[in-house]
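Chain and residue survey
Next come the chains, spelled out residue by residue.
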Amino acid sequence: MPGFVETFFNLEIMRAALPYLLQGLGTTLLLVLLVVPLGIAGGLAVALLYRSPRRRVRWPLILYVDFFRAFPPLVLLIFLYAGLPFAGIEIGAFTAVAIGFFLNNSAYYGEVLRAGIESVPRGQWEAARSTGLSAPRAMLWVVLPQAVRNVLPDLVGNTLEVVKLTSLASVVALPELLFAARQAQSLTYNPSPIVLAAIIYLVLLWPFVRLLSRLEHRMLVSR
Amino acid sequence: MQREPPVLSIRGLRKSFGATEVLRGIDLDVRPRELVFVIGPSGSGKSTLLRCCNRLEEPSDGSILFDGTDIRAPGTDINAVRRRIGMVFQSFNLYPHMTALGNVTLALRQVLKKPRREADEIAAAALARVGLADKQGAYPGELSGGQQQRVAIARALALEPKAVLFDEPTSALDPELVGSVLQVMRDLREAGMTMVVVSHEMGFARAAADRVVFMDQGEIVEEGPPAAIFGAPQHARTRAFVDQIVRH
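Everything in this summary refers to the structure shown in the same document. Predicted, not measured: the structure shown is a model, and the values here were computed from it. (Residues numbered from 1 in each chain as written. Chains lettered and ligands numbered in written order. Predicted model: local features only at pLDDT ≥ 70, side-chain atom pairs only at ≥ 80, totals over all residues. Heavy atoms only, no water.)

1. Describing the packing of aromatic side chains
All names here are of chain A. By the definition in use, this model includes seven aromatic pairs over all chains. On the numbers, 5.0 Å between centres and 20 degrees between planes, the contact of Phe67 with Phe71 is stacked. Residue Phe67 is classed as partly exposed on the basis of its relative accessible area, which comes to 43%. The residue whose ring lies beneath Arg51 is Trp125, and the NZ or CZ to ring-centre distance is 4.8 Å. One Lys or Arg, Arg114, reaches over the ring of Tyr50 and ends 4.2 Å from the middle of that ring. (Phe/Tyr/Trp six-rings, centres within 6.5 Å; stacked < 30°, edge-to-face > 60°. Buried < 20%, exposed > 50% of the residue type's maximum accessible area, 1.4 Å probe, protein only. Lys NZ or Arg CZ within 6 Å of the ring centre and 35° of its normal.)

Listed below in structure tokens is the structure:
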């Protein structure tokens, strides 16, 4: 199948596209470093606010989480990038991606962290409070460490999804890895750069996938 | 001794969960160095009574004075009160992600703001006091139930509380491990600690309690020295409960 190899695994084209793709990878990594911490922070806020005994606080949160978990992130990005200017709000591609991912991620991370916090027995909280720890300190030192540990596989899995999802930024012309690959593809009339991008994703994510498997296994064993 | 003001003074304490009234007007004084034993059938409100004393449960009505502080007053810093009332739980509630030493030092460092070295020293002494000097580095999962409960007691003691509340401290333990925890409680009593104990260990109550309080359906039915409550209960409900316990 010489045609197949030349088309999809054309080393010459890959070599030529590599510097451009690495630039794209740089943008992808930058994006990940921005949206993952932002998403986790937003998710933590969601999870903590959800503990409020007040319905007025919990109801909007449920709506928020449900909405952004159900709403396609691709549409969200396009709406932020191309739709907001009609409302007189002009934001750049990077800002649109940051906001879009923040909204989407905090909903997902929020659900994961909420489940984690709820998995910590109430007695832990009571023991900490009974020694005079304030609510924030009891949360920080006693509940959260256990909550995170209990949902660590979900957190890692979610983060893997987020890394892959950053390729959505290509629709608003943010030059991340996939966008770079598609540019290279259209310049060379050859899909090899796309395959190269896939390989880069694979190499980048594989260690984390391994880690995830091990975490999941450990959770099963410790149960 | 009777002249000293009570450490804990409860008046007209009521607590409802929804429509269910669990405590129906409790009056109780606990004097310094006294060991008060609270007994009664399950659902009688014993645990709720304890949990109201440091406001883990919010009382519905009544007043609780601890060491002269009205713990329900709006201006009261409940965290400051709680660090002076130790609490020991049925299910130990040790922090599983911390060593025995870490469990004891957390409040020392975070609440009392002790530097690490001092906190470690206090915690080591507290662990030694409950016979676990060699278990500082052990995680709760590596300890037996009895050892875990003793670490929990050390965690409470390290803050030098004015009183310690025990909420069924031995109920979750295998029978052969109960003795070590009771021994620690006996030592505490010898050392003059003020204690309120909710427990089914009637033998311990007989031997160590200054006063036994019998509760039923959210009320204190009868109280007195152990010999009187177990030997000659005045009230029919007390008699029925004591008979049942003795027979089993």
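Past the structure itself, the notes keep going.
2. What about the interface of chain A and chain B?
The interface is formed by 17 residues belonging to chain A together with 22 residues belonging to chain B. Three residues, Glu126, Ser130 and Thr131 of chain A, lead the burial of chain A against chain B; their summed loss comes to 31% of the area buried on that side. At the boundary of chain A with chain B, the tally comes to one salt bridge. For Glu126 of chain A, the salt bridge is made with Arg51 of chain B, and the minimal N-O distance between the two is 2.6 Å. Applying the counting rule to chain A against chain B returns eight residue pairs in polar contact (both at pLDDT 80 or more). Elements with a contribution of two residues or more to the side of chain A that touches chain B: α6 (122-130) and α7 (135-150) of chain A. At seven residues, α6 of chain A tops the list of elements feeding residues into the side of chain A that touches chain B. Tallied by class, the residues present in the side of chain A that touches chain B amount to six nonpolar, seven polar and four charged. (Contact = heavy atoms within 4.5 Å. Buried area = accessible area lost by both parts, 1.4 Å probe. Salt bridge = Lys/Arg side-chain N within 4 Å of Asp/Glu carboxyl O. Polar contact = N/O pair within 3.5 Å; in protein donor to acceptor, adjacent residues only side chain to side chain. Helix = DSSP H or I, 4+ residues; strand = E, 2+ residues; numbered from the N terminus. Nonpolar A, V, L, I, M, F, W, Y, C, P; charged D, E, K, R; others polar.)

3. A few points about empty space enclosed by the protein
Summed over the entire model, instances satisfying the criterion amount to two cavities of 30 Å³ or more. What the largest cavity holds in volume is close to 60 Å³. Around the largest cavity sit 14 residues that line it, and Ser130 and Thr131 of chain A together with Gly86, Met87 and Ala156 of chain B are the ones nearest its centre. For the lining of the largest cavity, the secondary-structure elements that each account for two or more residues are α6 of chain A together with β6 (85-88) and α5 (145-157) of chain B. In terms of residue class, the lining of the largest cavity is made up of eight nonpolar, three polar and three charged. In this structure, the second largest cavity spans a volume of roughly 40 Å³. Pro73, Leu76, Leu77, Gly100, Phe101, Asn104 and Leu165 of chain A together form the lining of the second largest cavity. Residue assignment for the lining of the second largest cavity shows that the elements contributing at least two residues are α4 (73-83) and α5 (93-119) of chain A. Class assignment for the residues of the lining of the second largest cavity results in five nonpolar, two polar and no charged. (1 Å grid on protein atoms, 1.4 Å probe; cavity = no way out; pocket = protein on both sides within 12 Å on 5 of 7 lines; lining within 4 Å. Points joined across faces, edges and corners; volume = space filled by probe spheres on them.)

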